[in-house]
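Letter by letter, the chains look like this.
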Amino acid sequence: MFSPGEKIYEGQIVGENTREDDMDINPCKKKHVSNMRASGSDDTVHLIPPQTFSLEQCLEHINEDESVEVTPKSLRMRKRILDRLERGRQRSRNKKA
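As a starting point, this report considers the structure included with it. The shown structure was predicted, so the numbers you read here are calculated from the model rather than taken from an experiment. Residue indices begin from 1 for each chain and proceed along its sequence in written order. Given that the model is predicted, a residue must reach a pLDDT of at least 70 before its local features are reported, and side-chain atom pairs must reach 80 or more before they are shown or counted; all residues, however, enter totals for whole chains, interfaces and linings. Hydrogens and water are ignored here; the side-chain numbers use all heavy atoms of the structure.

1. Describing the overall build of the chain
Selection rule: Labels follow the DSSP assignment, with helices taken as runs of H or I lasting at least four residues and strands as runs of E lasting at least two, numbered in each case from the N terminus. It is over C-alpha atoms that the radius of gyration is taken, and the globule rule equals 2.2 Å times the number of residues to the power 0.38. For every residue, the accessible area (1.4 Å probe, protein chains only) is compared with the maximum for its type, and the residue is labelled buried under 20%, exposed over 50%, or partly exposed between those bounds. Residue contacts are counted whenever heavy atoms from the two residues lie within 4.5 Å of one another. Here the accessible surface of atoms and residues is derived via Shrake-Rupley with a 1.4 Å probe, and residues count as covered only by protein chains that are part of the display. Neither His nor the chain ends contribute to the count of charged residues, in which Lys and Arg are positive and Asp and Glu negative. For the purpose of locating charges, the reference atoms are NZ of Lys, CZ of Arg, CG of Asp and CD of Glu.
Regarding its fold elements, the chain presents two helices and two strands. Its helices and strands in sequence order give the chain the pattern α-β-β-α, from N to C terminus. Here the C-alpha radius of gyration of the chain, 17 Å, is well above what a compact globule of 97 residues would show, namely 13 Å. Buried residues in the chain amount to 12% of all 97 residues. A separation of at least 24 residues holds for 42% of the contacts in the chain among residues at least 6 apart in sequence. For the chain, the exposed surface amounts to about 8800 Å²; the carbon and sulfur share of it is 51%. Distance between charge centroids for the chain: 8 Å, based on 18 positive and 17 negative side chains.

2. Overview of the layout of surface pockets
Rules: A 1.4 Å probe that fits into a set of points on a 1 Å grid over the protein atoms alone but cannot get out defines a cavity; an open set with protein on both sides within 12 Å along at least five of seven lines defines a pocket, and lining residues are those with an atom within 4 Å of a point. Grid points are joined across faces, edges and corners, and a volume is the space filled by probe spheres set on the points. Note that Gly is not counted as nonpolar here; it falls among the polar residues with everything else outside the nonpolar set of Ala, Val, Leu, Ile, Met, Phe, Trp, Tyr, Cys and Pro and the charged set of Asp, Glu, Lys and Arg.
Considered as a void within the structure, the largest pocket measures approximately 750 Å³ in volume. Lining the largest pocket are 28 residues, and of these Gln12, Ile13, Val14, Gly15 and Met23 lie nearest its centre. Of the residues belonging to the lining of the largest pocket, the class tally is nine nonpolar, seven polar and 12 charged. Here the second largest pocket defines a volume of roughly 380 Å³. Along the wall of the second largest pocket there are 14 residues; nearest its centre are Asp22, Glu64, Asp65, Arg91 and Asn94.

3. Some remarks on the pairing of strand β1 (residues 66-70)
What counts here: Between any two strands, pairing holds if DSSP finds at least two bridges.
Inspection of the sheet shows β1 paired to strand β2 (residues 75-79) by five bridges, in the antiparallel sense. Bridged to glutamate 66 within β2 is lysine 79. Here β1 folds back onto β2 in antiparallel fashion, the turn holding four residues.

4. Side note on a nonpolar patch on the surface
To be explicit about the condition: Residues with no salt bridge and a relative accessible area higher than 30% make up the patches, which join like charges within 9 Å and nonpolar side chains (Val, Leu, Ile, Met, Phe, Trp, Tyr) within 5 Å. The rule for a salt bridge is simple: a side-chain nitrogen of Lys or Arg has to be within 4 Å of a carboxyl oxygen of Asp or Glu.
Among the surface-exposed residues, Leu55, Leu59, Val70 and Leu75 lie close enough to one another that they form a single nonpolar patch of about 330 Å² accessible area. By the secondary structure assignment, leucine 59 is in helix α1 (residues 55-61).

5. Describing the environment of glycine 15
Tracing the backbone shows glycine 15 in the segment before α1. With relative accessibility at 41%, the residue glycine 15 sits in the partly exposed group. Glycine 15 sits 50 residues away from aspartate 65 along the chain, and the two C-alpha atoms are 16 Å apart.

Next comes the structure, spelled out in structure tokens:
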């Protein structure tokens, strides 16, 4: 969805979740490193290269609360409501109605 070093913003879709609901993450935040290691943590990590979608693939992939942002230099998928807290409020309003 995005490459290393690419600028991202709140509400931008950066990956897929195996569950049906959305997961809010902060990909800019570093993982806490300590001297303590868990058993089995020395395993090799295999990273999957990011997928690049065409405009048609983006339009097929998005949900009803998402949109596609098209600029001359990039093609991004994002939430219609960028703020995480406001999206939660909107979700709760929709459940009540």
